[in-house]
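# Topology and contacts: notes
Letter by letter, the chains look like this.
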Amino acid sequence: MISAQQFLMCQPSAPEETPTDKYYLDLANRLVAVAVEKTLFPSYPEKVVERTALAVIGYYQDVICDAGIWRTFVNECRRMYGKTVPFYAEKDEDYMDYELNRIDVRFMVWYGLCMNYEERRVCSPFDSEIIKGADCWWRILDEVYDESPLPVDYRLTHELEMHAKEDSEAIFRLGNWLFMHCYLMTPAYAMTLADNVSGIDLSKEENIVELRERMEQSMVEDTTGPLALYLREWLYLIVDGKLPSPKIDRNAPEHKYYTAFTRATGGEILRFFSSYSELNEFFIEALGWTENEEHLPQLKGCKDYILMVDRAKGMLLAHDIARSIAAPGNSLYDKVYAQEHAMELLTERGRCPGDLLRYVCQNGWLPDAVFPESDDRKLVADNWDFISRCYLQQYYRGD
């Protein structure tokens, strides 16, 4: 059972209560009760089902009054991927913008369950539990859609301007709610939040200040939401409908490692090494590092190394993942191993640097990546960027 306090924490009006809170809390608990009664999500603890129901009701409140968060997400998915909602497809005429849609609920159920439950964090969006449960919840919401009241205080984004002085307080309030409590942001942020809270004894008063400082820093430095956008990006998209133009330094000098690396490889920006000795030899002969010295000795216990260079950023190194990458000339690629481990590059933070992962996937060199208990490689191949953003967050977006 979702408590009134749990529900209120997700509302933009918190800590103030509104006249429509009880209606939507009761509706959220109705979803949970039906899930328990019909055993809709047997692989997930009830607490995870409750958090997912809260996320689904948050989406539902948004579309009831067109708060703008879901609309922004859909618009960005169309711009970035040419589809309305990741994974799922409907004919254009069957999708109703700014209204309740079956594939929206399917996505929110997948997103809420996976992001909130470590044991089944990587699960196919077409898993039978997810489809059956989501469709049941969608039917319940569809039945009451025309009679549901407009959520009070849920239209935070309307008539705001990013640079209007008189709107600064409202935008600050919107930003805090988006990052900390919004239905679309919190599931993907859960793992980052756990990292930020890690090691802090919250029973001690003095540690509350440290946590607050960590969270303020996180709001600036970390991404959130299923698209792994920074808070400033979400705000610009929701309030202004577009991102500010990126600043690109086209006159940045060529990095010295890029110059030396490509000279040694004949222009290639990627090189694989089976052993530390091969890697160290390349450092000395190709990059001109000190002879008769073991460079980066902390890597001696690893294997299957990859070096990659970027013209402006320089060089990155990865290890223990080369067997999953079916790149031309990569003699380390092992299809049997890749069938079991390739998906880890898209879903485990810190497993593969973001620039390398993008380059590999753009070239189609991760053909064996699939969701567990699925053989649908096309699903991952078509959605690799979204999957990486959703699971890896700043480990994929960070520069």
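Everything below is about the structure shown above.
This section reports on the structure supplied with the text.

Looking now at the pattern of salt bridges. Tallied over the entire structure, the rule returns 22 salt bridges. Between R30 and E143 there is a salt bridge, and its shortest N-O distance comes to 3.7 Å. In this pair, R30 is assigned in helix α2 (residues 21-37) and E143 in helix α6 (residues 128-144), connecting sequence segments 113 residues apart. With a shortest N-O distance of 3.8 Å, K303 and D320 are connected by a salt bridge. One end of the pair, K303, is in the loop between α12 (276-285) and β4 (305-310); the other, D320, is in the loop between β5 (314-318) and α13 (335-341), with 17 residues separating them in the sequence.

Bringing the nonpolar core into the picture now. Of all hydrophobic cores here, the largest spans 136 residues; its most connected members are W70, W110, W137 and L184. If you tally residues by element for this core, the top one is helix α3 (residues 46-65), at twelve residues. Ignoring any residue separated from it by four or fewer positions in sequence, one finds W110 in contact with F87, Y88, C123, S124, P125, I130, F386, C390 and Y391.

For the rest of this paragraph, the subject is the packing of α3 against α6. It is the contact of α3 with α6, at a shortest axis distance of 12 Å, that shows an interaxial angle of 35 degrees. Crossing of α3 over α6 shows right-handed handedness. Along its contact with α3, which presents V49, T52, A53, V56, I57 and Y60, the element α6 presents W137, L141 and V144. Here the residues of the contact of α3 with α6 sort into eight nonpolar, one polar and no charged.

Okay, the sheet that holds β4 next. With respect to topology, three strands assemble into an open sheet ordered β3-β4-β5, the strand pairing being antiparallel. Edge positions in the sheet fall to β3 (270-273) and β5, since each has one partner strand and no second. Going from strand to strand, the sheet's axes swing by 20 degrees on average, the running direction of each strand aside. Sheet analysis places β3 next to β4, joined by four bridges and oriented antiparallel. Within the sheet, the bridge partner assigned to R271 lies in β4 and is L307. Those strands touched by α12 are β3, β4 and β5, and its axis lies near 25 degrees from that of β4.

The rules we used
Residues numbered from 1 in each chain as written. Predicted model: local features only at pLDDT ≥ 70, side-chain atom pairs only at ≥ 80, totals over all residues. Heavy atoms only, no water. Salt bridge = Lys/Arg side-chain N within 4 Å of Asp/Glu carboxyl O. Helix = DSSP H or I, 4+ residues; strand = E, 2+ residues; numbered from the N terminus. Core = buried A, V, L, I, M, F, W, Y, C linked by side-chain atoms within 4.5 Å. Buried < 20%, exposed > 50% of the residue type's maximum accessible area, 1.4 Å probe, protein only. Contact = heavy atoms within 4.5 Å. Axes fitted to C-alpha atoms, helices over the stretch in contact; angles between N-to-C directions. Left-handed = near helix turned anticlockwise from the far one by under 90°. Nonpolar A, V, L, I, M, F, W, Y, C, P; charged D, E, K, R; others polar. Pairing = 2+ DSSP bridges.

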